[in-house]
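# Structural overview
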Amino acid sequence: MTAPTITACLLIIGNEILSGRTQDKNLAYIGEELNSIGIRMMEVRVVPDDEAVIVSTLNEVRPRFDYVFTTGGIGPTHDDITADCVAKAFGVPLIVNPEARAILEAHYEPGQLNEARLRMARTPEGATLIENPVSQAPGFQMENVFVMAGIPAIMQAMFQSLRHRLAGGAPLQSKTVTIGLGEGTIAASLGEIQTRFPAVEIGSYPFNRQGNFGVRVVLRSTDEAVLEEAAGAVDKMIAALGGDGDWEPGDRPLQKEQGSEGAATGERAAG
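Now for a look at the structure at hand.

Rules behind the numbers
Residues numbered from 1 in each chain as written. Predicted model: local features only at pLDDT ≥ 70, side-chain atom pairs only at ≥ 80, totals over all residues. Heavy atoms only, no water. Salt bridge = Lys/Arg side-chain N within 4 Å of Asp/Glu carboxyl O. Helix = DSSP H or I, 4+ residues; strand = E, 2+ residues; numbered from the N terminus. Buried < 20%, exposed > 50% of the residue type's maximum accessible area, 1.4 Å probe, protein only. Pairing = 2+ DSSP bridges. Polar contact = N/O pair within 3.5 Å; in protein donor to acceptor, adjacent residues only side chain to side chain. Axes fitted to C-alpha atoms, helices over the stretch in contact; angles between N-to-C directions. Contact = heavy atoms within 4.5 Å. 1 Å grid on protein atoms, 1.4 Å probe; cavity = no way out; pocket = protein on both sides within 12 Å on 5 of 7 lines; lining within 4 Å. Points joined across faces, edges and corners; volume = space filled by probe spheres on them. Nonpolar A, V, L, I, M, F, W, Y, C, P; charged D, E, K, R; others polar. Core = buried A, V, L, I, M, F, W, Y, C linked by side-chain atoms within 4.5 Å.

A few words on the pattern of salt bridges. A full pass over the atoms with the stated rule returns 12 salt bridges. A salt bridge links Arg 40 to Glu 201; the nearest nitrogen and oxygen atoms lie 2.4 Å apart. Taken together, the residues span a long stretch of sequence, with Arg 40 in strand β2 (residues 39-47) and Glu 201 in strand β10 (residues 201-209) at a distance of 161 residues. According to the relative accessible area criterion, Glu 201 is partly exposed, its value standing at 35%. Between Glu 51 and Lys 88 there is a salt bridge, with its nearest N and O atoms 2.8 Å apart.

This is the structure we're talking about:
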């Protein structure tokens, strides 16, 4: 029985990301972590610190995906409005969460928990906290929406704190080969392989390295057997076109050694 596809969307919130002053480092981490537990990142959006945009985007994506993750906008300053926006998207009051307040009170010295820092204890009513072992100020979960900090070290710690709450499907497997042929040379044959293997995502990424043109082909599927078969078809295509294929370590497809009945030996090809 085929495992269901579990999907996710990421909202990266912040004017500083859109302006280019800050470069996002969270997407790659979240994508890799989700894939390892069988959740497919299907869409990523970068949105400004604008209440109307954040609320409308949240209400658009949360019914479409199994999980929605947000990064950024939950600090102590006036432009940290993510908690406010999530509350409005769900139509619930924004409160000072008693549990979050207790965490911050235990963290700061007496008298240091000022109004600005207390903003970090605000959550939509009914939210479940996400632990923050780095700086203590928690993130939170509302139904299928997980709200995390934008600072990478804190976001990563929060993600590991919530990881056990996520139910995944079959993880996406991949095989990658670098081919010493032009993209136009392999295009027709690669398209035919894609048609033969609809359950495999096949991407081609051309490059020019010091005047040497080639293509990096990446195959992805949740079905390891079908992925192996598709990789074998790509290997045969490379040979038929007279090219060289350099598979990433461990990705070379199993080759079928022809015996009396042409059965597969299960051995990996040399090289």
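A word on the pairing of β10. Both β10 and strand β11 (residues 212-221) contribute to a ladder of nine bridges, which runs antiparallel. Residue pairing for β11: Glu 201 is matched across the bridge by Arg 220. Linking β10 to β11, which pair antiparallel, is a turn of two residues; within it Gln 210 sits at a positive phi near 50°.

This next bit is on the side chain of Glu 43. With respect to the helices and strands, Glu 43 occurs in strand β2. Classification of Glu 43 by relative accessible area gives buried; the value is 19%. Looking at Glu 43, its side chain comes within polar contact range of the side chain of Arg 45, at 2.6 Å.

What follows deals with the sheet that holds strand β9 (residues 173-179). Strand pairing in a sheet relies on backbone hydrogen bonds, with the paired strands running either antiparallel or parallel. Reading across the sheet, the four strands line up as β10-β11-β9-β12 and stay open at both edges, with antiparallel pairing between neighbours. Two strands close off the open sheet at either side, each with one partner strand: β10 and β12 (245-247). Shown here is a sheet whose adjacent strand axes are inclined to one another by a mean of 25°, direction ignored. Packing against the sheet, helix α8 (residues 183-196) makes contact with β9, β10 and β11, and its axis sits at approximately 170° to β10.

Our focus in this paragraph is empty space enclosed by the protein. Summed over the entire model, instances satisfying the criterion amount to one cavity of 30 Å³ or more. Computed from the structure, the largest cavity encloses a volume of approximately 80 Å³. Taken together, 13 residues form the lining of the largest cavity, with Ile 74, Ala 83, Arg 119, Met 120 and Arg 122 sitting closest to its centre. Across the lining of the largest cavity, the residue classes tally to six nonpolar, four polar and three charged.

On to the nonpolar core. Residues Phe 69, Phe 159 and Leu 166 are the most contacted members of the largest nonpolar core, which totals 52 residues. Ranked by the residues each element gives to this core, the list is headed by strand β1 (residues 6-13), at seven residues. For Leu 166, the residues in contact, after removing those within four places along its chain, are Leu 34, Ile 37, Ile 39, Tyr 67, Phe 69, Phe 146 and Phe 159. Core analysis: the second largest hydrophobic core is formed by 20 residues, Ile 193, Val 200, Ile 202 and Val 215 among them.

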